[in-house]
Each structure stands twice: as structure tokens, then as C-alpha cells.
Amino acid sequence: METTDIELEGGDLHDGEDMSSGHVGERTLTVLGNNSKRSSEAGGAKEQRVQSPIGGIEDWTLSQSRIHTRESPFICSLCGEGFNRLSRLLTHQSIHTGESPYTCFICGKEFNRPSKLLTHQRIHTGERPFTCSMCGKGYTNSSDLLTHQRVHTGERPFTCSMCGKGFIRSSHLLTHQLVHTDQRPFKCSDCEKTFKSEKDLITHQRVHE
């Protein structure tokens, strides 16, 4: 039986990311399964040892099932937001405390989780490990690659409930929805004229140059 050590660091393993890297945890949870292409080709079950990041054994299999059931039993006492894993709740709470213990040794910028620090450091190194299979363009993180690929596929998962227009980013949808309201949140610092989009504000500010 093949054995693979998998280490989870502070809840920073994102869905769909490779679990083969991380820092050593304190305890080990052994999960048996034939859930990888490599193990099925070898014709046997693959043993996965998951390192718990929080000093106790966290049932990784159960937490993964909560993704599908949308169960979020770990609730933040400050804002009420729920999480499917205790480690993610602990990471979230740093938003309220302002704690940012992970510091970039190059520029000194601080982050509340190691995965954000890792992504940030790629700005300095120029590393672009996530590459589009269609055009070869590289990105520092998987989410930016996923968003980019929608340019090729035509997918527009964020749809306006008022007019049906679709967008590749949720931020684009939020900006668009201002068209349907009277809100004009972007204000010119020179003349205090307001606009519905940042793009319109930037265009306007050229008048003052």
C-alpha cells in the first residue's frame, strides 16, 4: 500500500489545490482511500496521512463533505460568519484582531495567513506557476487563472438579477448594479462631483490635470 504524507497548514489549503506541500503539523490523521489517479493505476488503496494544523486531529474528510452540504458548524462569535473547519474560523478571526503574523522578508508587508504571503512573494520573484492551457499566460494564484479562463470559455457566472447581464468577476457585477440604483459612490476630490464607477471618475479627473 502506498503511503503519502499530506500536511495541512493553518486551514490555508484551498479547494482544488495540491496537498503535497506545507509545514509539518503536530499530529497525524490517517485516511485510507483509493481517490487518486496514481493509486488507482497502481491497483491498490492509497494511504494519506494528514497533518493537523491546530494541535489536535481535525477530521479532514468530514470537513470536505461540509463543502457539499454547506454545513458551517464553526461560528465566529464576533460577526456570526460560519465555517466548515475550525482552522478556517481561527484564521478568519485575525480579521477582527488585526493580527498579521506572516511578514514578507523582502518588503515587510504583513499577512494574516501563510498562503497570502506565498502568493504575495511571487510579485518579487516573478513566479507565475498557474498557466492558462489555452494561451500560456501565467498567474500568481489559481483564482486569477480561473477568472482569466472565462475569457476563453465565455462563462459569465455572476448575473445581474435586474437585467440578466453576466460578468466574469463578482466585483464587475457589483459595479454594474449601481446602474440600476441612484448610488454614486465615487467622488472627485477636486470638485466633489460623484460617479457610479471608478472608471468614470478617472476619466473625469483628467479635466483637472
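Residues numbered from 1 in each chain as written. Predicted model: local features only at pLDDT ≥ 70, side-chain atom pairs only at ≥ 80, totals over all residues. Heavy atoms only, no water.

**Focus on the overall build of the protein chain**
Step number 1: The helix and strand tally for the protein chain stands at eight helices and 13 strands.
Step number 2: Residue pairs in contact within the protein chain that sit at least 24 positions apart in sequence constitute 27% of those at least 6 positions apart.
Step number 3: Total accessible area on the protein chain stands at roughly 13,600 Å², and carbon and sulfur atoms take up 50% of it. (Helix = DSSP H or I, 4+ residues; strand = E, 2+ residues; numbered from the N terminus. Contact = heavy atoms within 4.5 Å. Areas by Shrake-Rupley, 256 points an atom, 1.4 Å probe, with all protein chains shown as cover.)

**Re the confidence of the model for the protein chain**
Step number 1: Looking at the protein chain, pLDDT values average 73 and 67% of them are 70 or higher.
Step number 2: Taken as a whole, residues 1–58 scores under 50 in pLDDT and shows 112 contacts with residues more than four places along the chain or in a different chain. (pLDDT = per-residue confidence, 0-100.)

**Examining the pattern of salt bridges**
Step number 1: As enumerated under the stated definition, the model contains two salt bridges in all.
Step number 2: When the shortest N-O distance is used, the salt bridge between Arg122 and Glu127 registers 3.7 Å.
Step number 3: Arg150 serves as the salt-bridge partner of Glu155, at 3.8 Å between the closest nitrogen and oxygen.
Step number 4: Residue Glu155 is classed as partly exposed on the basis of its relative accessible area, which comes to 40%. (Salt bridge = Lys/Arg side-chain N within 4 Å of Asp/Glu carboxyl O. Buried < 20%, exposed > 50% of the residue type's maximum accessible area, 1.4 Å probe, protein only.)

**What about the environment of His124?**
Step number 1: Position of His124 relative to the elements: it lies in helix H5 (residues 114–125).
Step number 2: When the C-alpha positions of His124 and Cys104 are compared, they lie 9.9 Å apart, and in sequence the two are 20 residues distant.
Step number 3: In contact with His124, not counting residues within four places along its chain, are Cys104, Ile106 and Cys107.
Step number 4: Here the side chain of His124 touches His120 through a polar contact of 3.2 Å, side chain to side chain. (Polar contact = N/O pair within 3.5 Å; in protein donor to acceptor, adjacent residues only side chain to side chain.)

**A look at the environment of Tyr139**
Step number 1: When you line up the elements, Tyr139 lands in strand E9 (residues 138–139).
Step number 2: Overall, the relative accessible area of 14% leaves Tyr139 in the buried class.
Step number 3: Residues contacting Tyr139, with those up to four places away along its chain left out, are Arg128, Pro129, Phe130, Asp144, Leu145 and His148.
Step number 4: In terms of polar contacts, Tyr139 uses its side chain to reach the side chain of His148, at 2.9 Å.

**Quick look at H5**
Step number 1: Over its twelve residues, H5 extends 16 Å from the first C-alpha to the last, a length consistent with the 16 Å expected when each residue adds 1.5 Å.
Step number 2: Among the residues of H5, Pro114, Ser115, Leu117, His120, Gln121 and Arg122 are the ones counted as buried.
Step number 3: Buried residues belonging to H5 abut strand E6 (102–103), strand E7 (110–111) and strand E8 (130–131).
Step number 4: Residue Gly126 follows H5 closely and has a positive phi angle near 80°. (Expected span 1.5 Å × (residues − 1).)

**Structural notes on the side chain of Ser197**
Step number 1: Assignment of secondary structure puts Ser197 in the loop between strand E13 (194–195) and helix H8 (198–205).
Step number 2: Among the polar contacts listed, one links the side chain of Ser197 to the side chain of Asp200, at a separation of 3.1 Å.
Step number 3: With residues near it in sequence (within four places) discarded, Ser197 still touches Thr175 and Phe186.

**Some words on unusual backbone geometry**
Step number 1: Phi angles above zero are rare outside glycine, and Glu192 is one such case at about 65°.
Step number 2: Its place among the elements puts Glu192 in the loop between strand E12 (186–187) and E13.
Step number 3: A relative accessible area of 57% means that Glu192 is categorised as exposed.

**Concerning the environment of Ser143**
Step number 1: With respect to the helices and strands, the residue Ser143 is situated in helix H6 (residues 142–153).
Step number 2: In this structure the side chain of Ser143 is engaged in a polar contact, spanning 2.6 Å, whose partner is the side chain of Asn141.

**As for the state of the cysteines**
Step number 1: Scanning the model with the defined rule gives zero disulfides in all.
Step number 2: Take Cys76: it sits in no disulfide, and the sulfur closest to it among the cysteines is that of Cys79, at 3.8 Å.
Step number 3: No disulfide involves Cys163; its nearest neighbouring cysteine sulfur is the one of Cys160, lying 3.7 Å away. (Disulfide = S-S within 2.5 Å.)

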